[in-house]
Protein chains: 4
Amino acid sequence: MSQSRPLDVALIGAGRIGQVHAKSISANPSCRLAAVADVIVDAAGKLAAQYGAAARSVDEILADASIDALLIASSTDTHSDLIERGTAAGKAVLCEKPVDLSLERALACQRKVAGKPVMIGFNRRFDPNFAALKAAVEAGEVGKPELLSITSFDPAPPPVAYVKVSGGLFRDMMIHDFDMACWLMGGAPAKVAAAGSSLVDPEIGAAGDVDTAAVTLTWADGRLAVIKNSRRAGYGYDQRVELLGSKGLLSARNVLENTVEKITADGASSAKPVYFFLERYMRAYEAEWSAFIDAVRAGSDFPVTLRDGVAALACAEAATRSAGSGETVALTPEMLGS
Amino acid sequence: MSQSRPLDVALIGAGRIGQVHAKSISANPSCRLAAVADVIVDAAGKLAAQYGAAARSVDEILADASIDALLIASSTDTHSDLIERGTAAGKAVLCEKPVDLSLERALACQRKVAGKPVMIGFNRRFDPNFAALKAAVEAGEVGKPELLSITSFDPAPPPVAYVKVSGGLFRDMMIHDFDMACWLMGGAPAKVAAAGSSLVDPEIGAAGDVDTAAVTLTWADGRLAVIKNSRRAGYGYDQRVELLGSKGLLSARNVLENTVEKITADGASSAKPVYFFLERYMRAYEAEWSAFIDAVRAGSDFPVTLRDGVAALACAEAATRSAGSGETVALTPEMLGS
Amino acid sequence: MSQSRPLDVALIGAGRIGQVHAKSISANPSCRLAAVADVIVDAAGKLAAQYGAAARSVDEILADASIDALLIASSTDTHSDLIERGTAAGKAVLCEKPVDLSLERALACQRKVAGKPVMIGFNRRFDPNFAALKAAVEAGEVGKPELLSITSFDPAPPPVAYVKVSGGLFRDMMIHDFDMACWLMGGAPAKVAAAGSSLVDPEIGAAGDVDTAAVTLTWADGRLAVIKNSRRAGYGYDQRVELLGSKGLLSARNVLENTVEKITADGASSAKPVYFFLERYMRAYEAEWSAFIDAVRAGSDFPVTLRDGVAALACAEAATRSAGSGETVALTPEMLGS
Amino acid sequence: MSQSRPLDVALIGAGRIGQVHAKSISANPSCRLAAVADVIVDAAGKLAAQYGAAARSVDEILADASIDALLIASSTDTHSDLIERGTAAGKAVLCEKPVDLSLERALACQRKVAGKPVMIGFNRRFDPNFAALKAAVEAGEVGKPELLSITSFDPAPPPVAYVKVSGGLFRDMMIHDFDMACWLMGGAPAKVAAAGSSLVDPEIGAAGDVDTAAVTLTWADGRLAVIKNSRRAGYGYDQRVELLGSKGLLSARNVLENTVEKITADGASSAKPVYFFLERYMRAYEAEWSAFIDAVRAGSDFPVTLRDGVAALACAEAATRSAGSGETVALTPEMLGS
């Protein structure tokens, strides 16, 4: 693949997250947004026009040899197919999480595209705060990791209609935290134990999902991680990580709206965490995209692989089963595709 | 019981925690330390002399009608017996946690002394920070509690000889956190799921115990709590609580050695948490003792009951079983003595 | 001036701060960078090429009726002349601080361009943290302002060659803080008392300047402000504001490099403040430029006026004299051009 | 003086601060409170009774050879006389600040008791936070001190009747901060420049005093300190120190009521600083008294001397004059008694 000219990129999916990615693509001088596709043709047209790109069908994009890379930001049920078709057409692929709602389908995809250039969009790894924490872990600043804790609360629950097609909290929301845990602890856990409840919105419970959950992961060597999720923090986007190692504790606190503090007779007050993922992770999306483009141009390995996407999904699958049965569920080699 | 003169108190147990209590007793103007007993007679004598009290045997103390109250700080295996004998002798009793290592024995004790004045020494409830958090919960400042998180790390593991007789991490160390969870969430949970590992000291694992653990509690109405324990934080005593409610988040941070901060080219630094329980909880022990004495003098209910001691022990029993089997364990009415 | 098409902007000055402004101009969809001028023709050419603008002389720019606005980022000794020539040519002007090193020259400029559209580039007013603090002051959240404190430390001193032509610390560096003080307290002070020393670099002292200074401002109604400056903080860019009002205290803390914290047996550590003004104030420069463009298009008043630039310079003039004499210096109406 | 038995102490002054000291004296096992004197005989009697001491006149105390030490906590106008009479009677003396409202009288006292055992009660040096900051300075953790900043706000102004006899804010309140500055910077400054206003209570202004003030101190080698005082912070006792050195910044933050934090849709909130000096400095008073007793018993130098008391008073004298004239006032050797 040519390294001397900007890469031509096609974006598949012009919804909310597609718009976020369009911004990152256009801000990166090493590539240009050439085409946008969406099942809603008007949406593709509007987004394409905004960035001087062409609105095209997926078939046209795959058939066009001048398109170097695909960014797949369409609905989850299209991910596996598009990964397979895109790589078959010789394109480098960055696909949004999750790979699929079905672990089996994701595993089949993994087998099919083995060796092809596919990166999965776990954006949090590229947040500067989490990246700094990971660097400190790698540098051994707190010794050997022993007990990880991830807090991940959304500000407000999604519509129940979304919940019904989401695959459930563990596959839709906690999937990010499973990836963070695997990334920070260095590989997939051996066991998953989950507890979940519907406390925020009874309709979420009626739809068979949970909105509040706690999951414990155990690695083969006994190391532990705890993940807490809630669909409704009320005060904003609560995204924290804390890792106890043999020599100390590392933590990444929330990003606040500003640094102003006030003290009066009523008490001391300060700003809330930024409201949601766009405010918190815009820089992470940009860094994620840069990492993808840089790896494509250099022909080097991607920092997040399809295997990582499968591992997070296997954790989600195990957590979903554990939350139902109350039993700890082992992650088998088959579930991890290894 | 007379309310006009200071109460005469006998302290049973002159070890480390007994010495802490002797200080609290002598600092409280509503009582005086009259007698000290210990199986090591010299230890009793030395501590008694320090506070102008008499060193006496347990039998002498129980037979002495002028002793109003007992503070039981002897070894755990004596707690149930002394609670029963002390209340039978007409004395008000404050007994250190846990009630017993055996849930059955504790339940038998509970049945035997029903209606008698017994308080259990869960000192953390009296820490000013946790008390302020509890008050905010009660005032509804974050709405309905939904997801509690307790972090409780010791600075360094105890000797393995101690571990072997301790009853295990869940009964010996996490018992405090089980009580905190029951207290903050308003009653005992319905289910307990535990995971534990020996990561800190292989000898602890060889002794059949764990030194790092994560436990999830689920209440009958679906509310959740997560407790994390480690025997070795390295940097001091890490004692934090965080509660997500329907309207927001409450947290109690660590108490630091001082308020000094430094920023240089090497980074920003500040003081560590205070080192261990004496530094952190001395004020809590004093407040605990005051609450006991005030209730005895007023004839009012104790803020921590034997039932609370049993509930925490039942959680510990369930956690121990769950950590072994990998299955979630239900807390039955029988386990709670109700 | 047309409000329906993007404004054509000429940038005068292609040095470090000019490059910062070029970025802001090009990021703003309501304007476009049409021309760049610099006494170093190659520098103008390079910067112009980067943004698709033309490199032109100042004379050409002023003669070109299609240029709507000037951003003056050339050396300080050219500011007054360019403000006068630019406004005479019918252009809206945003000029970097200070207006001039000479208060007399700045006052003459102010008289000459009275009523013309000139904004001075005090970027800190547009920092989101300081803006949030100002909004809280305006909302009366801490009552009536009484005692303001501004801490403003650079990470490292500039070269002595720069110091020699800078006009001195009070005109070159503290000018920002004088503007912040006038802005937050609502107008210029009545009196200025300054103390300054050369502690960081003896060559700065040999050049007749100070590198460490403390200034007290007193308003006519007795309200007070204290400004502290150092040319060398070592740990980064220390930019804090603290305001005591009749009902409480507002403060704006530093912006840190990341949110990661670490605790080990050696202590707790966290990230440093971001290193210098580009890291700290890039968003402020963008917001400043947006405010300028929005006001030009709307025909509304600028948020920072030439009068504000003169007031800050008058404070700097008074501080320079006070630091020399040890006497408090009054700000006369003549010094403020009012 | 005997080192083998507890020292017999007489407390002169049974008012608010005398009561604080009585507590410290009685808590220290190396001394006992033998006598209390007060011009209000009932007050002396009541306090003496509380601690099992005798209420006696000053004359009786001075004539009693069994009294080893005096703690002078009577009104300021009696300090110098009592220091002179106490030392003449062979007693070790700890005297509350200030030595006197008159610098001349304090200097005369200093000459008269030269070589005698007199310690001045600047309690803040014994605050564990400030002591930790001082230790870090001494250890060179931020290099050479360059720019000190002290913030010292009371929660609420005293009655005007008190203000009228107080000697004014500089002698009564800022005297503590002058001592802190001399202590942290290593000796008295060369110059003092002060600005003060009456913003809090017009009656304070009508009484000729200020309630809000900013003072700049300059040492002979150019190092600087800024002190800010307000009689009314509203939110509690604001007591902070910040020191910029050649290698970084040290700061001591406030002590808060508790460690609880809350985040809701309305923002994040936390506890206020503790309300006033008793809450903040009780441990400092105890440590101050211990340091005095330890030095008396060891025959070693006191950590705070009469010379220190005079230096702080000289700063207050200079500040009072500077605030009146607007001119910087030099501290002469005569003013420092050296």
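Source: prediction; values computed, not measured.

A. Representation of the overall build of chain A in the model. Along the backbone of chain A there are 13 helices and 15 strands. Computed over its C-alpha atoms, the radius of gyration of chain A comes to 20 Å, within 12% of the 20 Å expected for a compact globule of 338 residues. Dimensions of chain A along its principal axes, counting C-alpha atoms only, are 60 × 55 × 45 Å. Within chain A, residue pairs in contact and separated by at least 24 positions form 71% of the contacts whose partners lie at least 6 positions apart. Per element, the accessible surface of chain A, about 12100 Å² overall, is 52% carbon and sulfur. Separation between the mean location of the 34 positive side-chain charges and that of the 40 negative ones in chain A comes to 2 Å.

B. Region of the structure containing the sheet that holds strand β3 (residues 54–55) of chain B. Residue and element names in this part refer to chain B. Read across the sheet, six strands follow the order β3-β2-β1-β4-β5-β6 without closing on themselves; strand pairing throughout is parallel. Bordering the open sheet on either side are β3 and β6 (118–121), each of which pairs with just one other strand. As paired strands, strand β4 (residues 69–72) and strand β5 (residues 92–96) are joined by four bridges and run parallel to one another. Directly across from Ile72, in β5, lies its bridge partner Cys95.

C. Representation of the interface of chain A and chain B. Each partner contributes to the interface: chain A provides 36 residues, whereas chain B provides 37 residues. Buried area between chain A and chain B, summed over both chains or domains, comes out near 2800 Å², and the portion from carbon and sulfur atoms is 59%. For chain A, the biggest contributors to the area lost against chain B are Glu146(A), Leu199(A) and Lys228(A); these three give 18% of the whole. Viewed at the interface, chain B and chain A are joined by six salt bridges. The salt bridge partner of Glu242(B) is Lys228(A), with a shortest N-O separation of 3.7 Å. Put simply, chain A and chain B have twelve residue pairs in polar contact (both at pLDDT 80 or more) between them. Elements supplying a minimum of two residues to the side of chain A that touches chain B: β7 (145–153), β8 (191–197), β9 (212–218), β10 (224–230), β11 (238–245) and β12 (248–252) of chain A.

D. Here's a closer look at the relation of the copies chain C and chain D. Once chain C has been moved 0.0 Å along the axis and rotated by 180 degrees, it coincides with chain D to within an RMSD of 0.0 Å. Viewed as a symmetry operation, the transformation between the two copies matches a two-fold axis. Across chain C, the smallest distance between a C-alpha and the rotation axis is recorded for Glu327(C), namely 2.3 Å. Same-surface contact between copies: 100% of interface residues of chain C are shared with the interface of chain D.

E. Region of interest: the domain arrangement of chain A. Residues and elements named next belong to chain A. When cut into domains, chain A gives domain 1 (7–123) and domain 2 (126–282 + 312–336). Measuring from the centre of the C-alpha atoms in domain 1 to the corresponding centre in domain 2 gives 27 Å. Listed by partner, the interface residues are 17 residues for domain 1 and 21 residues for domain 2. Taking both partners together, domain 1 and domain 2 bury about 1600 Å²; carbon and sulfur atoms supply 68% of that area. For domain 1, the biggest contributors to the area lost against domain 2 are Leu103, Phe122 and Asn123; these three give 41% of the whole. The interface formed by domain 1 and domain 2 contains zero salt bridges. Taken together, the connections running from domain 1 to domain 2 amount to three residue pairs in polar contact (both at pLDDT 80 or more). Only α1 (16–27) and α5 (103–112) provide two or more residues apiece to the side of domain 1 that touches domain 2. The element best represented in the side of domain 1 that touches domain 2 is α1, accounting for five residues. Residues belonging to the side of domain 1 that touches domain 2 are distributed by class as follows: nine nonpolar, four polar and four charged.

F. Structural view of the relation of the copies chain A and chain B. Expressed as a screw operation, the relation of chain A to chain B combines 0.0 Å of axial shift with a rotation of 180 degrees, fitting to an RMSD of 0.0 Å. A share of 100% of interface residues in chain A that are also interface residues in chain B marks the association as one of identical surfaces.

G. Geometry of the sheet that holds strand β6 (residues 118–121) of chain C. Residue and element names in this part refer to chain C. If you trace the six strands from one edge of the open sheet to the other, you get β3-β2-β1-β4-β5-β6, paired in parallel fashion. Edge positions in the open sheet fall to β3 (54–55) and β6, since each of these has one partner strand only. Looking at chain direction, strand β1 (residues 7–12) and strand β2 (residues 31–37) are connected through six bridges and run parallel. If you follow Ala10 over to β2, its bridge partner there is Ala35. Packing of helix α4 (residues 79–88) onto the sheet brings it into contact with β1, β4 (69–72), β5 (92–96) and β6, and relative to β5 it is tilted by some 170 degrees.

Here is what the cut-offs are and how they apply
- Residues numbered from 1 in each chain as written.
- Chains lettered and ligands numbered in written order.
- Predicted model: local features only at pLDDT ≥ 70, side-chain atom pairs only at ≥ 80, totals over all residues.
- Heavy atoms only, no water.
- Helix = DSSP H or I, 4+ residues; strand = E, 2+ residues; numbered from the N terminus.
- Rg over C-alpha atoms; globule rule 2.2 N^0.38 Å.
- Contact = heavy atoms within 4.5 Å.
- Areas by Shrake-Rupley, 256 points an atom, 1.4 Å probe, with all protein chains shown as cover.
- Lys, Arg positive; Asp, Glu negative; His and termini not counted.
- Charge placed at Lys NZ, Arg CZ, Asp CG, Glu CD.
- Pairing = 2+ DSSP bridges.
- Buried area = accessible area lost by both parts, 1.4 Å probe.
- Salt bridge = Lys/Arg side-chain N within 4 Å of Asp/Glu carboxyl O.
- Polar contact = N/O pair within 3.5 Å; in protein donor to acceptor, adjacent residues only side chain to side chain.
- Least-squares fit on C-alpha atoms with pLDDT ≥ 70 in both.
- Domains from an automatic or database assignment.
- Nonpolar A, V, L, I, M, F, W, Y, C, P; charged D, E, K, R; others polar.
- Axes fitted to C-alpha atoms, helices over the stretch in contact; angles between N-to-C directions.

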